[in-house]
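So you can see what is in the structure, the chains are spelled out below.
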Amino acid sequence: LGREALEEIKQADSVKALESVRVKYLGKKGPITEVLRGMGQLSEEERPKVGQKANDVREEIKEKLEEKTEQLEKAALDEKLKAESIDVTLPGKEVKQGARHPLTAVVEEIEDIFVGLGFQVTEGPEVETDQYNFEKLNLPAEHPARDMQDSFYVTTDMLLRTQTSPVQARTMETFEGQGPVKIVCPGKVYRRDDDDATHSHQFMQIEGLYVDKNVQMSDLKGVLEAFVQKYFGADRSIRLRPSFFPFTEPSVEVDVSCGICGGKGCRVCKHSGWIEVLGAGMIHPNVLEMSGFDPEIYTGFAFGMGVERFAMLKYGIDDIRHFYTNDIRFLNQFKRA
Ligand code: PHE
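Residues numbered from 1 in each chain as written. Predicted model: local features only at pLDDT ≥ 70, side-chain atom pairs only at ≥ 80, totals over all residues. Heavy atoms only, no water.

### Things to note about the site of the ligand
Using the following cut-off: In this text, near means that some heavy atom of the residue lies within 4 Å of the molecule or strand in question. Two N or O atoms count as a polar contact when they lie within 3.5 Å, although within protein this holds only if one can serve as hydrogen donor and the other as acceptor, and sequence-adjacent residues are included solely when both atoms are side-chain atoms. Per-residue and other accessible areas follow the Shrake-Rupley method at a 1.4 Å probe size, with only the shown protein chains counted as cover for residues. Helix and strand definitions follow DSSP, with helices as H or I runs of at least four residues and strands as E runs of at least two, each counted in order from the N terminus.
The local shell around the ligand holds 14 residues, among which Q163, S165, R191, Q205 and E207 are the closest. One of the side-chain nitrogen or oxygen atoms of S165 is found 2.9 Å away from a nitrogen atom of the ligand. A distance of 2.9 Å is found between an oxygen atom of the ligand and a side-chain nitrogen or oxygen belonging to Q205. Considered on its own, the ligand offers 330 Å² of accessible surface; in the complex 92% of this is hidden by protein. Of all the elements in the fold, those that place two or more residues in the shell around the ligand are β6 (202-212), β9 (274-283) and β10 (299-306). The dominant element in the shell around the ligand, judged by the number of residues it contributes, is β10, at three residues.

Here it is as structure tokens:
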């Protein structure tokens, strides 16, 4: 019996199989228990001998069971360690790296250029009051120019700003009538436009503002020309065309010379050889005064540009919607080393 049991232990190839061997030989219904239970029927001399033998066999089986259990567990552990081992010589997995969004990159580039020209970078709220978005920019409630910008109103006197120009008023106020003020302000703006290749209900602008004693139109032209040549290339020039904004007087639209066809006519610059890139002008005396500056002492200029437009012109992007749809194939093209 003992030998039989030991043979079965040897054959067992799992902890589970071992357990059934244990139950079979040492369990309550097993042969050893049976022998021990039948002791009463044996004679006085046989009893100790049989008892001794049964105990010996039981102890041996127990011992072998433990030994084998240990063996099996160790084998299982070895197996597991082998399966989980890491081959450090294998090539690593490629880590996919993102890149700055092209609009972020262009904003940072433009900021850098203006910082180089002595401007500081500020920000203002996207949800703006009617006061700052219009009234402090010389557009009273009934002013017809308010129709130029169809707006998203949040309440009767709060709206998503239609331009970054309210930051002009907000910034000037903090200076309490003391110049110079020299800032640029990037940010999102919102207009009720139908989205198409060149229009978006949400886009980005960068506002610029310079207020000091003796700031002149020639300063505006010089700063913008320096900026455009840094951004598009030293071979570019600008021209100013008369225009109208309620918060500047005089107002201008600024064109940059086309860099693709050199003015001979192409898809981008059409026939004229010039592309409109921003609006600007000398700050209206009413605006200076409302923001706490004495227009007899201070003058200033302001400008506002569309960031998407600057990005599209520089990188030859033909649809403004590419900036917002987050197509990886589009974004990947702006990875830089
Ligand atoms: N805020 C004007 C616009 O959105 C641009 C502008 C800014 C014009 C500053 C003049 C001065 O069209």
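### What about a nonpolar patch on the surface?
Test applied: A residue counts toward a patch only above 30% relative accessible area and without a salt bridge, and it is joined to like-charged neighbours within 9 Å or, for Val, Leu, Ile, Met, Phe, Trp and Tyr, to nonpolar neighbours within 5 Å. The rule for a salt bridge is simple: a side-chain nitrogen of Lys or Arg has to be within 4 Å of a carboxyl oxygen of Asp or Glu.
Where nonpolar side chains cluster on the molecular surface, the patch consists of V127, V154 and M158 and spans about 230 Å² of accessible area. On the secondary structure map, V154 appears in strand β3 (residues 152-155).

### Examining the sheet that holds strand β7 (residues 238-245)
What counts is decided by this rule: In this scheme, strands are said to pair when DSSP sees at least two bridges between them. By definition in these notes, contact holds between two residues if any of their heavy atoms fall within 4.5 Å. Inter-axis angles, ranging from 0 to 180 degrees, are taken between N-to-C directions of lines fitted to C-alpha atoms, where helices are fitted over the stretch in contact.
Strands sit in the order β1-β5-β6-β10-β9-β8-β7 across an open sheet of seven strands; the sheet is mixed. The open sheet has two free edges, formed respectively by β1 (120-121) and β7, since each of these has just one partner strand. Two strands pair when backbone bridges link them, and β7 and strand β8 (residues 248-257) are joined in this way by seven bridges, in the antiparallel orientation. Note that in β8 the partner of R241 across the bridge is E253. Its contacts with the sheet place helix α5 (residues 102-116) against β1, β5 (181-190), β6 and β10, and it is angled at close to 5° to β6. Here helix α10 (residues 307-315) sits on the sheet in contact with β6, β9 and β10, set at roughly 150° to β9.

### As for the side chain of D319
The following threshold applies: Classification of residues uses two cut-offs on accessible area relative to the type maximum, computed with a 1.4 Å probe and protein chains only: under 20% is buried, over 50% is exposed, and between them is partly exposed.
Along the chain, D319 turns up in the loop between α10 and α11 (322-325). Note on D319: relative accessible area 15%, which makes it buried. Those residues in contact with D319 that lie beyond four places of it in its chain are D196, A197 and M312.

### With respect to the sheet that holds β3
Consider a sheet: its strands pair through backbone hydrogen bonds, and that pairing is either parallel or antiparallel. Spatially, the three strands line up as an open sheet ordered β2-β4-β3, and their pairing is antiparallel. The open sheet has two free edges, formed respectively by β2 (127-129) and β3, since each of these has just one partner strand. Ignoring which end each strand starts from, the neighbouring axes of this sheet average 40° apart. When β3 meets strand β4 (residues 158-160), the two strands line up antiparallel, connected through three bridges. Residue pairing in the sheet places T155 in a bridge with M158 of β4.

### So, the pattern of salt bridges
In total, this model carries 13 salt bridges according to the counting rule given. Note that R239 and D255 form a salt bridge whose closest N and O atoms lie 2.9 Å from each other. Placement of the pair is R239 in strand β7 and D255 in strand β8, with a sequence separation of 16 residues. Relative accessible area serves as the criterion here: at 2%, D255 is assigned to the buried category. The closest approach of N and O atoms between R321 and D319, which form a salt bridge, is 2.8 Å. Through salt bridges that share partners, R239, R241, E253, D255 and E276 make up one connected network.

### Notes on the pairing of β5
A large share of β5 lies buried, amounting to eight of its ten residues. Strand direction decides the pairing type here: β5 and β6, joined by ten bridges, are antiparallel. Within β6, the position partnered with V184 by the bridge is G208.

### Quick look at the environment of F323
Looking at where F323 falls in the secondary structure, it is placed in helix α11. For F323 and H101, which are 222 residues apart along the polypeptide, the C-alpha to C-alpha distance reads 8.2 Å. Not counting residues up to four positions away in its chain, the partners in contact with F323 are H101, P102, L103, E308, A311, M312, I317 and F330.

### As for the packing of α5 against helix α8 (residues 217-232)
Selection criterion: When describing relative orientation, an angle under 35 degrees is termed roughly parallel and one over 145 degrees roughly antiparallel, while 65 to 115 degrees is termed roughly perpendicular and anything else oblique. Crossings are sorted by hand: turned counterclockwise from the far helix by less than a right angle, the near helix makes the crossing left-handed, and turned clockwise it makes it right-handed. Residues are grouped as follows: Ala, Val, Leu, Ile, Met, Phe, Trp, Tyr, Cys and Pro are nonpolar; Asp, Glu, Lys and Arg are charged; all remaining types, including Gly, are polar.
Between α5 and α8, the shortest axis-to-axis distance is 10 Å and the interhelical angle comes to 135°. If you check the angle between α5 and α8, you find them oblique. Seen along the crossing, α5 lies across α8 with a hand that is right-handed. Facing V106, E109, I110, I113 and F114 of α5, the residues of α8 in contact are V223, F227, K230 and Y231. Here the residues of the contact of α5 with α8 sort into seven nonpolar, no polar and two charged.

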